[in-house]
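Commentary on secondary and tertiary structure
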Amino acid sequence: MSLAPSDHAASTNSLPNQGQFVSFTGWRLVWSAFVWSLASLVGASAVGFIVGVAFGTAGLHARMAPADSKAIFAAVGAVGAEIVLIWVALQKGAVAGRGDVRLGIGDSVITRRKSVIFICVAIAAYIASILFLAFYATPQLLRQAVNVNWWIGSLGLVISIIGAPLAEELFFRGWFWTGLRTSWGTLPTAAITSVMWLALHLPDGIGRVTLLLPLALALSLSRHLCGSVRAPIIVHACYNGMSVASPWIFLWFGWLAWP
């Protein structure tokens, strides 16, 4: 349901008194979010380059398997992007909330906790089903998933469950969503934040973006229904957690044979 700006205050899922917020033109916010999204990719590349130079200087490349080296660069690159996104979300949130960062990023109590639980279960079941079919059809993928270096896997787990949900949701469903909702309705806000969030994952390939479409819907739905950026953070963490844990769950229960 799309809400006109004049209807925001009457909705149970709307923002608080609009006078508490700095007003921005919707398309101005879109442009700002687009520029900073690109900046996060630049940050990822910069951190990856620095780590690559350090590894090359120390001769660590020769001591590591190619898969492990690639995983490390992906992990540190993700950290670089997340630092940019979190910094921007907090800075812009403070401006949008007139000094109140929590107000500017939509950090409030979740209004519909059962909805969050339902969405988490649904999205976790979705990605588990997709991965089960992928691992069943291509055992090599399962072998790669379970044979990852323990330290690298632990780093990836922290980034996936904590870093990515916090950074991406504080930016897209936090500051960006909150700002757009001062002048746009729910549907256009959900559409543009989802499209730009999906575009951030284009470097991973169109297949990854297609796989993330249901998650984009789930994140927007949880943000709208529950009235807080905390909801999509939880949903995002559940999705990523299931993505990482599913190979071990399948093997533990004997649903897949050890590769």
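Higher on the page you've got the structure.
These notes cover the structure that comes with them. (Residues numbered from 1 in each chain as written. Predicted model: local features only at pLDDT ≥ 70, side-chain atom pairs only at ≥ 80, totals over all residues. Heavy atoms only, no water.)

1. Describing a nonpolar patch on the surface
- There is a patch of nonpolar side chains on the surface, built from Leu157, Val158, Ile161, Ile162, Leu166 and Val244 and spanning about 430 Å² of accessible area.
- Among the elements that make up the nonpolar patch, the one with the highest residue count is helix α6 (residues 150-180) (five residues).
- Mapping isoleucine 161 onto the fold places it in helix α6.
- On the basis of relative accessibility, which here comes to 32%, the residue isoleucine 161 falls in the partly exposed class. (Patch = residues over 30% accessible without salt bridge, like charges linked within 9 Å, V, L, I, M, F, W, Y side chains within 5 Å. Areas by Shrake-Rupley, 256 points an atom, 1.4 Å probe, with all protein chains shown as cover. Salt bridge = Lys/Arg side-chain N within 4 Å of Asp/Glu carboxyl O. Helix = DSSP H or I, 4+ residues; strand = E, 2+ residues; numbered from the N terminus. Buried < 20%, exposed > 50% of the residue type's maximum accessible area, 1.4 Å probe, protein only.)

2. Side note on the pattern of salt bridges
- The final tally for this structure, using the stated rule, is four salt bridges.
- A salt bridge links arginine 173 to glutamate 169; the shortest N-O distance between them is 2.8 Å. With a gap of four residues between them, arginine 173 and glutamate 169 both fall in helix α6, about one helical turn apart. Each member of the pair, arginine 173 together with glutamate 169, is buried.
- For the salt bridge of arginine 208 with aspartate 204, the shortest nitrogen-to-oxygen distance reads 2.8 Å.
- Exposure remark for arginine 208: the relative accessible area of 35% places this residue in the partly exposed category.

3. Brief notes about the nonpolar core
- Phe171, Trp175, Phe176, Trp197, Leu215 and Val235 are the most contacted members of the largest nonpolar core, which totals 48 residues.
- The element contributing the most residues to this core is helix α4 (residues 113-137), with eight residues.
- Beyond its immediate sequence surroundings of up to four residues, phenylalanine 176 is in contact with Leu29, Val30, Ala33, Phe171, Ile192, Thr193 and Met196. (Core = buried A, V, L, I, M, F, W, Y, C linked by side-chain atoms within 4.5 Å. Contact = heavy atoms within 4.5 Å.)

4. Digging into the packing of α6 against helix α9 (residues 213-226)
- For the pair α6 and α9, the least separation of the axes is 12 Å and the interaxial angle reads 50°. Judged on the interaxial angle alone, α9 and α6 are oblique. Between α6 and α9 lies a crossing whose hand is right-handed. Packed against α6, whose contacting residues are Glu169, Arg173, Trp177 and Thr178, the element α9 presents Leu219, Ser220, Arg223 and His224 at the interface.
- For the contact of α6 with α9, the per-class residue count stands at two nonpolar, three polar and three charged. (Axes fitted to C-alpha atoms, helices over the stretch in contact; angles between N-to-C directions. Parallel < 35°, antiparallel > 145°, perpendicular 65-115°, else oblique. Left-handed = near helix turned anticlockwise from the far one by under 90°. Nonpolar A, V, L, I, M, F, W, Y, C, P; charged D, E, K, R; others polar.)

5. A short note on the side chain of serine 40
- Within the secondary structure layout, serine 40 lies in helix α1 (residues 26-58).
- On the basis of relative accessible area, serine 40 is assigned to the buried category, the value being 0%.

6. Re helix α7 (residues 186-200)
- For α7, with 15 residues, the first-to-last C-alpha span of 21 Å sits near the 21 Å given by 1.5 Å per residue.
- Residues of α7 that are buried: Thr186, Thr189, Ala190, Ile192, Thr193, Ser194, Met196, Trp197, Leu198 and Leu200. (Expected span 1.5 Å × (residues − 1).)

In short, shape yes, function no, at least from these values alone.
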